Amino acid sequence: MAAALCWGAAGGQRGLRALMKCEMQCARWCLITSRKLYSSLYDPNEKTFEKLLIANRGEIACRVIKTCKKMGIKTVAIHSDVDANAVHVKMADEAVCVGPAPTSKSYLNMDAIMEVIKKTRAQAVHPGYGFLSENKEFARRLASEGVTFIGPDTHAIQAMGDKIESKLLAKNAKVNTIPGFDGVVKDADEAVRIAREIGYPVMIKASAGGGGKGMRIAWDDEETREGFRFSSQEAASSFGDDRLLIEKFIDNPRHIEIQVLADKHGNALWLNERECSIQRRNQKVVEEAPSTFLDPETRRAMGEQAVALAKAVKYSSAGTVEFLVDSSKNFYFLEMNTRLQVEHPVTECITGLDLVQEMIRVAKGYPLRHKQADIPINGWAVECRVYAEDPYKSFGLPSIGKLSQYQEPLHLPSVRVDSGIQQGSDISIYYDPMISKLITYGSNRAEALKRMEEALDNYVIRGVAHNISLLREVIIHPRFVQGDISTKFLPEAYPDGFKGHRLTDLERRELLATAASLYVTEQLRSQRFLGTQRIPIAKSKRSSWELSVRLGDGVYPVAVSKESSSFSVEVDGMKLNVTSEWNLASPLLSVTIDGTQRTIQRLSRNASGDTSIQFLGTVVSEGQEICVIEAMKMQNSMIAAKTGKVKAVHCKAGDTVGEGDLLVELE
Amino acid sequence: MFLAKNWCIEKCASGHFIDSCPRWLSPKQEEKEYLQQKLFDRYLQKFSYESLIHYFPMTKYRELPFLNYTVPGLLVSCLNPGPASLLWTSGHHWAHPCYCCWTCSALLVQGKLTARERILLLLDPDSFDEYDMFVEHRCADFGMDSDKNKYPGDSVVTGRGRINGRLAYVFSQDFTVFGGSLSGAHAQKICKIMDQAAMVGAPVIGLNDSGGARIQEGVESLAGYADIFLRNVLCSGVVPQISLVMGPCAGGAVYSPALTDFTFMVKDTSYLFITGPDVVKSVTNEDVTQEQLGGAKTHTAVSGVAHRAFENDIDALLNLREFFNYLPLSNRDPAPVCECHDPSDRLVPELDMIVPTESTKAYDMLDIIHSIADEREFFEIMPSYARNIVVGFARMNGRTVGIVGNQPKVASGCLDINSSVKGARFVRFCDAFNIPLITFVDVPGFLPGTAQEYGGIIRHGAKLLFAFAEATVPKITIITRKAYGGAYDVMSSKHLRGDANYAWPTAEVAVMGAKGAVQIIFRGKEADAEAEYVDKFANPFPAAMRGFVDDIIQPSSTRMRICHDLDVLASKTQSNPWKKHANIPL
C-alpha cells in the first residue's frame, strides 16, 4: 500500500508502473522456476538486445514480454487509446500510444510505430502474429533504420507471401505440392490422361470460376469424362475462358503443420508437427502436438521437406510449413507462415524450447544450439482457443462486453494460459475476440485431455459469451478422442449446429441433486445471523426438503435430506450423496456426487431461486426448483418481447453499440 | 354462489379439525353439505389434478396463470407431497375454498394468490400465529348484519411469524371479502399488530389488496384509516415498515403504503391511486387506464411512489423474504450480520481500470458496487427512477450496508430534484436503522436549467444535504472521479462528518470543471490556463493535503478498506443535539 500513497491523477501512471514492476519481479521468478514448460537454457552472459518493441497487443504481446523479462531485455509496448489499460501495456517497461482504436490507425500505423521506435531507441521489434508480422514493407523500413526485425528477412517474407511463388519454390525444393494441371484440355481422353497422372480422386473445374463454384469430383475415368464435359461447357459458356483446372482432390483432409526454426548460418530444424484440423470457418479452434495421425516416417518426411523449403528461401527465425494430409497419409504443401504461430505453445510444451527466446537469439545472429537429434517429443499438449463468442451460432459469433469476472485455471497442474486480458477488461469490437489460449500438458494424450476437461470446468469467464461449452464437447467427442478428425470435423459432428451438452440420465440426476442441494444450502445459510440477537432467532430444525425441480419440460420431485456434512438426495427413486464445501462466494464449486467429482459454476441467482449453472461446460438455467436447459441463453439476436409500435430508434446503421445501450423503444 | 371463505380442509391454524372449527360452522347447512361432498371427492381422488378439473369445473379458468408460477419449494415441501398435486398442494392448506368461490377464481384468473397463501409464502413454514381470527365487522346497516355477510376475521388476516427465523408482524388484506375494504374491525386488527410490533421492536409488513373504505360503515371506516396512519407515523423510524401492494389500492388506502419505509408493487395486478380513472375522466376529462394512472410501471419509473416492482405475487413475496434479511428488526438493533463466505480482504483488480481515462466518458457505477459487495449481491431500491443516483442494500463482510452512488452512465451522474429526493429518503432510512452508509461519488454538480430551478432544486437538493449531514451512522465515502462544487459537499463529504473519506487516483475535487473555471478566472484569455487548472485541481491532492480526504487509495483495495473501516466503526457513537425533531426542508 505504500506505493499507493504517492498516487495522483498526474502521478497515477507512475505509481501504477512502480506497482506493476513489483508484481512483475515475482512473475519473472515464477516463470523461471515453476514452469518446466521451457527447458530452453538461458545464458545470462550471452549478449542480447537491450530494448525490444513489441508491435502487437493482447496475449502474444504478453507472451513476448514474458520471455524478454526472462532474458533481461527491456520492453516497449505500443497500444491504441482504448488499450491504455491493457495487460500488455502494464507488463511492459514502457508503453506508447500509437493512435485510436481502429487497427489501421494504431497497430498497423507504420509511421507512428517507426516514430516510437526512434523515440524509445528500441533495438529490435517483435511483430507477434497478425498485424505487421508478415509485412515486408515494415521489415524493409526497420532494416533501413538499422532496427532488427525479429523474423525472417524481407526476401523470405515476400517469397512465402506470394501463393504462386511459394508453390514454385516448394516444387523446386522437392516439397510435395498438390499435383494439378491448369490450362486448355483438348478432349475427354486428355482429361483422363491428366487425371491418371495426378491420381484419383481429382477435382475438375473451370479455371476462371472462383472458389468451389462448378467444382466436380471424379473418382474414376468415367466420372472424369463426365466432369470434363460439364466443366468445359461451363468454362466456355459462363466465363468465355476454355481453361480447366484439374487438381488432386484431398479427401477428408487434415491440417497438420511443421514448426521450423532456422538461423542465419544455414542451420534449420523441424520441431515436430501440430495437428490443427479442428477448425470453423478456416479458423483453428483446438490444436495439439503431436498428431495422432502421423507415424515417425511421415513425420520425418514432412519435417525434412519443411526444412528443405526453409533452406531454399534462406529462412531464419521461427516459421511454420502448413500441409494438408489425406486419409492415406499423403501430404501436400499448403503455405508457409513466416511468423510465430498462435498455436506455438503446444510445440513448446513437447519440445521444451522457448520459441520466442530462440527467435530473439537468431535475430541477434547466434547459431542454433540444438541439433535435430536433440528435438524430443515429450508427452502430449493440447491447446484450446477460448473465444468471446457464442458457439451456438455457426460454431461461434463474436460477442463483446466487459469481463466482470475472470479467473484462469492456473491452480491445476500442467496448465498454461496465454492471455492478455484480466478481470475487468473489455472485449471490444475492434480486435480479435480471443480471450486466451488454454494449454494442458500430459505424459500422454489421454492425460492431457483429462486435464483440459478439468481446466475448462475451472475456467471462470463472466460478462461475455464464450465458447467453453463447444471446446469441452469437442475434446470429449468420441471421434476426437479416437483421433478421427479432419477439417470438416465440426460440421460433421454437429450437422444441425452446436446445441450444447446433452445430459445423460446419470448426469441429469447429478445436476438435479446438485441444484437441489445448492438451493437447500442457500436456504439454510439465509437463516444464519451472527452476533447476539435481542429477539432470539427461531432455529429451524428442518432436515429434509421435498422439492419439485423443473428441468427442460419435465418436473422432477427431488427429496433432500441433510446428514451432518453432506446431503442425501433422492432423484428418480435413486439416492445420491452430495458433498461439497458449499462456499457460496466462490465462482467455482467443487461437488462430489456419489464419488464423482464435478466442478460447477453458479453464474447467477435471484430471490425467486432462479439460478443458472455451468454444468459440464454448458450453461443450465435453473429455477429455484427449475432447471431449464437454456443452452441458447447467450444469443445476441434481438427479439421484441412484445409487439408494439417503434417509438424511437436510438442508433443508426454503422454505430457502435455497447451492451445495455437503448437501441429501439417500443410503445 | 358465494361461499364462506375462511374454513378449513384438514386442520386449521387454530388446531381445530374441520367439523369442529367454529369458522366451519358459520356457513349455511346446504353449503356445508356441498363442500363436504367436494371434500370427500377430493380425498377420494387423492388430490389429483384431473379430479380437480372434473369436480371443480371452475378450475379450468385458472389452470393457466397459476401453473405459470414457479411453485416454491418451501411450500410444496411443507404440505402433502403428491406427485401430480403440485397445483393443489401449493398453498391450499387453509384457504382452500377458492376453488369453488367466484371471487377467488377471479383472483386466480388474474394470477393472484389469496391472502393466506401470501402469508404462507412470506413466512417460514409453520411459523404463523394468527391474531383475531374470530373478529367480525360491526356494521348493521344495509343488511350487513345478516349471517351471510359476516365472515370470521373480516377482510384482513393478521398475525406474526418468522422470516428466516426472525420475527415479523404481518397483515394481509383479503380481496375476497368485500373487496378487501377497510372496516372498523379490519383497521382495529391492523392497529393491534402494529402496536405490538412497536412494543416488541419488530418490523411490520403489510400485504395490501384493498378496494378502499367500506362504504357501508361510513365514518367508522375513515376513523380506521386514520388510526392506521397515526401508527404508521409513530412506528416510523422505530421499526421498519414495508408495504407490498398486491392488488388495487385506492383512495385513503394509498396513504398507509406511502407512510411506510418501502413500497413494493406487483406488475400488472397492483395499482395505487388517489382517484380512479372514472373520477379522473369526470374531473379533468383525461382518458387514462388504471395501469397508466397508477400501475407498477408508473410508480416505479415516473412518480417514484413505489420502490420496486416484481413479476408476480410469488416473485414479490420471495424477494421480500430476501429483502427482509438486510433489515434490522428495529432502531434498537444493529444492522444484521449474515454468515459470509466472501473474504473481506479480497482485492478487486478490475477497479484499477474501471474509470475511463477520458473524464467525459461514462462507466457503470453498478459495476463498482457489484464488484465490492459480498458475492456481488446488491438489492437495488428504485432501480428505474432517477437513475442518475443508485441506492440500495448490500453486505460487506456479512454486515448490511446502504450504498449510495452517483451513476455516470445516466445524465453524467448529476444531481437533480428526483435523484436528491430518492437519495435523501434512502439515507434517512439507513440512519434511522443503524445501517452504515457507503457513498461513491462521481458527480459533476447539480443539474442546471429552468425546469430544475422552477421545480425547486434548491429545496430538494437541500434534502440530500440535510440527510447526509444529520446521519450519525458510520459513513464511508469514496470519490471515484468528479466531485465538483456544491455536489461534492453534499455527497457525504468530510465536512458533513464523514468517517472515512477516500479518493481514487482518478478523483478530481474542484469547484467546477476546468473549462468553466478557466473562463471565469481568465475570461478565456489564457490558452494554457486550462492545463494549469487541470494540473492543480483535477487530481485528489489538493483535497488530500487539506485532510478533506483521508487517503488516496488504490481502487482494487477498496473492498478491503471498507470492510476494515466498518469493523472499527461498528462501535461508533455520535449524537445530534437534543431536539423535538429536525426541520428537514420538505
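Residues numbered from 1 in each chain as written. Chains lettered and ligands numbered in written order. Predicted model: local features only at pLDDT ≥ 70, side-chain atom pairs only at ≥ 80, totals over all residues. Heavy atoms only, no water.

## Comments concerning the overall build of chain A
To be explicit about the condition: Helix and strand assignments follow DSSP, with helices taken as H or I runs no shorter than four residues and strands as E runs no shorter than two, numbered in order from the N terminus. Burial classification: accessible surface area is computed with a 1.4 Å probe over protein chains only, and a residue below 20% of its type maximum counts as buried, one above 50% as exposed, and the rest as partly exposed. By definition in these notes, contact holds between two residues if any of their heavy atoms fall within 4.5 Å. Areas reported as accessible are Shrake-Rupley estimates using a 1.4 Å probe. Residue values count occlusion only from the protein chains shown.
Along the backbone of chain A there are 18 helices and 35 strands. Considering chain A as a whole, with its 667 residues, one finds that 56% of them fall into the buried category. Across chain A, the fraction of contacts at a sequence separation of at least 24, relative to all contacts at a separation of at least 6, is 62%. Approximately 28200 Å² of chain A is accessible, and the part contributed by carbon and sulfur atoms is 51%.

## Some thoughts on the overall build of chain B
The secondary structure content of chain B amounts to 24 helices and 17 strands. Of all 586 residues assigned to chain B, the portion counted as buried reaches 60%. Considering only intrachain contacts with a sequence separation of at least 6, the fraction spanning at least 24 residues in chain B is 72%. Carbon and sulfur atoms form 56% of the exposed surface of chain B, whose accessible area is close to 22600 Å².

## Things to note about the sheet that holds strand β13 (residues 317-325) of chain A
In sheet architecture, strand pairing relies on hydrogen bonds along the backbone and comes in two forms, parallel and antiparallel. All names here are of chain A. Applicable threshold: Paired strands, in this sense, are two strands between which DSSP finds at least two bridges. Convention adopted: a line fitted to C-alpha atoms gives each axis, helices being fitted over their contacting stretch, and angles between N-to-C directions are expressed from 0 to 180 degrees.
Taken in spatial order, the eight strands of this open sheet run β14-β13-β10-β11-β12-β15-β22-β20, and their pairing is antiparallel. Lying at the two open borders of the sheet, with one neighbouring strand each, are β14 (331-337) and β20 (415-419). Ignoring strand direction, the axes of neighbouring strands in this sheet form an average angle of 25°. As paired strands, strand β12 (residues 283-289) and strand β15 (residues 380-387) are joined by four bridges and run antiparallel to one another. Looking at β15, one finds that Ala289 is bridged to Ala381.

## Concerning the packing of aromatic side chains
Where we set the bar: Stacked, tilted and edge-to-face are the three classes applied to pairs of Phe, Tyr and Trp rings, where Trp contributes its six-membered ring and a pair requires centres within 6.5 Å; stacked means planes under 30 degrees apart, edge-to-face means over 60, and tilted covers the rest. By definition, being over a ring means that NZ of Lys or CZ of Arg is both within 6 Å of the ring centre and within 35 degrees of the ring normal.
Applying the stated criterion across every chain, the model contains 28 aromatic pairs over all chains. Between Tyr107 of chain A and Phe131 of chain A the ring centres are 5.2 Å apart and the planes differ by 20°, which places this aromatic pair in the stacked class. Of this pair, Tyr107 of chain A sits in the loop between β3 (94-99) and α5 (110-120) while Phe131 of chain A sits in the loop between β4 (124-126) and α6 (136-145), and the two are 24 residues apart along the sequence. The exposure class of Tyr107 of chain A is buried, given its relative accessible area of 0%. Taking relative accessible area as the criterion, Phe131 of chain A reaches 28% and is therefore assigned partly exposed. Ring pairs connect the aromatic residues Phe262, Phe264, Phe310, Phe323, Tyr326, Phe379, Phe393, Phe426, Phe429 and Phe433 of chain B, which therefore count as one cluster. Note that Arg280 of chain A overlies the ring of Tyr387 of chain A, its terminal NZ or CZ placed 5.0 Å from the centroid. For the cation-ring pair, Arg395 of chain B lies above Tyr326 of chain B, with the distance from its terminal atom to the ring centre recorded as 4.1 Å.

## Structural notes on the sheet that holds strand β6 (residues 180-183) of chain A
Residue and element names in this part refer to chain A. One open sheet accounts for four strands, arranged β6-β9-β7-β8; its pairing is antiparallel. The sheet terminates laterally at β6 and β8 (216-218), the two strands that pair on one side only. The mean inter-strand angle of the sheet, taken between neighbouring strand axes irrespective of direction, is 20°. Strand direction decides the pairing type here: strand β7 (residues 202-206) and strand β9 (residues 244-248), joined by five bridges, are antiparallel. Among the inter-strand pairings, Met203 is bridged to a residue of β9, identified as Glu247. The sheet contacts of helix α9 (residues 188-198) involve β6, β7 and β9, and relative to β9 the element is tilted by about 25°. The sheet contacts of helix α10 (residues 221-239) involve β7, β8 and β9, and relative to β7 the element is tilted by about 20°.

## As for the pattern of salt bridges
A side chain with one charge may pair with a side chain of the opposite charge, provided their charged atoms come close. All names here are of chain A. We count it as follows: Any carboxyl oxygen of Asp or Glu within 4 Å of a side-chain nitrogen of Lys or Arg constitutes a salt bridge here.
Within the structure shown, the criterion is met by 71 salt bridges over all chains. The salt bridge involving Asp93 is made with Lys69; its shortest N-O contact spans 3.5 Å. Placement of Asp93 in the loop between α4 (87-91) and β3 and of Lys69 in helix α3 (residues 58-71) is noted, with a sequence separation of 24 residues between them. Taken together, the shared-partner salt bridges connect Glu59, Arg63, Lys70, Glu348, Asp354, Arg416, Asp418 and Lys437 into one network.

## So, the packing of α6 of chain A against helix α7 (residues 154-161) of chain A
All names here are of chain A. Inclusion rule: Any angle that is under 35 degrees is reported as roughly parallel, and any over 145 degrees as roughly antiparallel; angles of 65 to 115 degrees are reported as roughly perpendicular and all others as oblique. Note on residue classes: Ala, Val, Leu, Ile, Met, Phe, Trp, Tyr, Cys and Pro are nonpolar, Asp, Glu, Lys and Arg are charged, and everything else, Gly too, is polar.
Interhelical geometry of α6 versus α7 gives an angle of 175° and a closest axis separation of 9 Å. With respect to each other, α6 and α7 are oriented roughly antiparallel. For the pair α6 and α7, contact is made by Lys136, Ala139 and Arg140 and by Thr154, Ile157 and Gln158, respectively. Class assignment for the residues of the contact of α6 with α7 results in two nonpolar, two polar and two charged.

## Quick notes on helix α10 (residues 219-235) of chain B
Residues and elements named next belong to chain B. Test applied: What a helix is expected to span follows from its residue count: subtract one and scale by 1.5 Å. Directions drawn from the helix axis to the C-beta atoms are what define this arc.
The end-to-end C-alpha distance of α10, which contains 17 residues, comes to 24 Å, matching closely the 24 Å that a straight helix rising 1.5 Å per residue would cover. Here α10 has its buried residues at Ser221, Gly224, Tyr225, Ile228, Asn232 and Cys235. The arc enclosing the buried residues of α10, seen along the axis, measures out at 100°, which places them on a common side. Across α10 from its buried face, at more than 90 degrees, point the exposed residues Val219, Leu222 and Leu234. The inward-facing, buried residues of α10 abut α9 (184-200), β4 (204-210), β5 (241-250) and α11 (255-259). Gly237 occupies a position one or two residues after α10 and carries a positive phi of about 85°.

## Topic: the domain arrangement of chain B
Residue and element names in this part refer to chain B. Note the threshold: The domain limits used here are those given by an automatic or database domain assignment. Buried area: the accessible area, evaluated with a 1.4 Å probe, that two parts lose upon being put together, summed over both parts. Under this definition, polar contacts are N or O atom pairs within 3.5 Å; protein pairs additionally need one hydrogen-donor-capable and one acceptor-capable atom, and for neighbouring residues in sequence, both atoms have to be side-chain atoms.
In terms of domain boundaries, chain B breaks down into domain 1 (101-325) and domain 2 (349-507 + 549-569). In this complex, domain 1 contributes 23 residues to the contact, which on the side of domain 2 involves 15 residues. Summed over both partners, the interface of domain 1 with domain 2 buries about 1400 Å², with 62% contributed by carbon and sulfur atoms. The three residues of domain 1 that bury the most area against domain 2 are Phe262, His307 and Arg308, which together make up 33% of that side's buried surface. Inspection of the region where domain 1 meets domain 2 yields zero salt bridges. On the surface where domain 1 and domain 2 come into contact, there are five residue pairs in polar contact (both at pLDDT 80 or more). Every element with two or more residues in the side of domain 1 that touches domain 2 is listed here: α11, β6 (262-266), α14 (296-303), β8 (308-310) and α15 (313-324). Of the residues forming the side of domain 1 that touches domain 2, the biggest block, four residues, is contributed by α14. A breakdown of the residues in the side of domain 1 that touches domain 2 according to their chemical character gives twelve nonpolar, eight polar and three charged.

## Regarding the environment of Thr618 of chain A
Residue and element names in this part refer to chain A. Mapped onto the elements of the fold, Thr618 is located in strand β32 (residues 618-622). Residue class for Thr618 comes out buried when judged on its relative accessible area of 2%. Sequence separation between Thr618 and Ile468 is 150 residues; the distance between their C-alpha atoms is 7.8 Å.

## Description of helix α8 (residues 163-172) of chain A
Residue and element names in this part refer to chain A. Looking only at α8, the buried set comprises Ser166, Leu169 and Ala170. Considered in projection along α8, the buried side chains sweep an arc of 100° and stay on one side of the axis. In this structure, α8 carries Ile164, Lys171 and Asn172 as exposed residues pointing more than 90 degrees from its buried face. Looking at the buried residues of α8, the elements they touch are α7, α11 (296-312) and β14. Between the side-chain oxygen at the start of α8 and the backbone nitrogen of Glu165 there is a gap of 3.1 Å, and the oxygen is on Asp162. Immediately beyond the C-terminal end of α8, within one or two residues, lies Lys174, with a positive phi of roughly 65°.

## Some points on the nonpolar core
The condition that has to hold: For our purposes a nonpolar core is just a set of buried Ala, Val, Leu, Ile, Met, Phe, Trp, Tyr and Cys residues, chained together by side-chain atoms within 4.5 Å.
Counting residues in each nonpolar core, the largest one holds 96 residues, and the members touching the most others are Leu207, Phe323 and Phe393 of chain B. With seven residues, the top contributor of residues to this core is α15 of chain B. Lining this core are residues from two domains, each supplying at least three of them: domain 1 (101-325) and domain 2 (349-507 + 549-569) of chain B. One finds Val286, Tyr406, Val417 and Met452 of chain A within the second-largest nonpolar core, a separate group that totals 39 residues.

## Quick notes on the side chain of Thr440 of chain A
All names here are of chain A. The residue Thr440 is located in strand β22 (residues 434-442) in this model. Classification of Thr440 as buried rests on a relative accessible area of 0%. Among the polar contacts made by the side chain of Thr440, one reaches the main-chain carbonyl oxygen of Ala448 at a distance of 2.9 Å. Ignoring any residue separated from it by four or fewer positions in sequence, one finds Thr440 in contact with Trp380, Ala381, Val382, Ser414, Val415, Ala448, Arg451, Met452 and Ala455.

## Here's the deal with a nonpolar patch on the surface
We count it as follows: Each patch is built from residues lacking any salt bridge and having more than 30% relative accessible area; the joining distance is 9 Å for like charges and 5 Å for nonpolar side chains (Val, Leu, Ile, Met, Phe, Trp, Tyr).
On the surface, Val82, Ile400, Ile429 and Tyr430 of chain A cluster together into a nonpolar patch covering about 320 Å² of accessible area. Note on placement: Ile429 of chain A falls in the loop between β21 (426-427) and β22.

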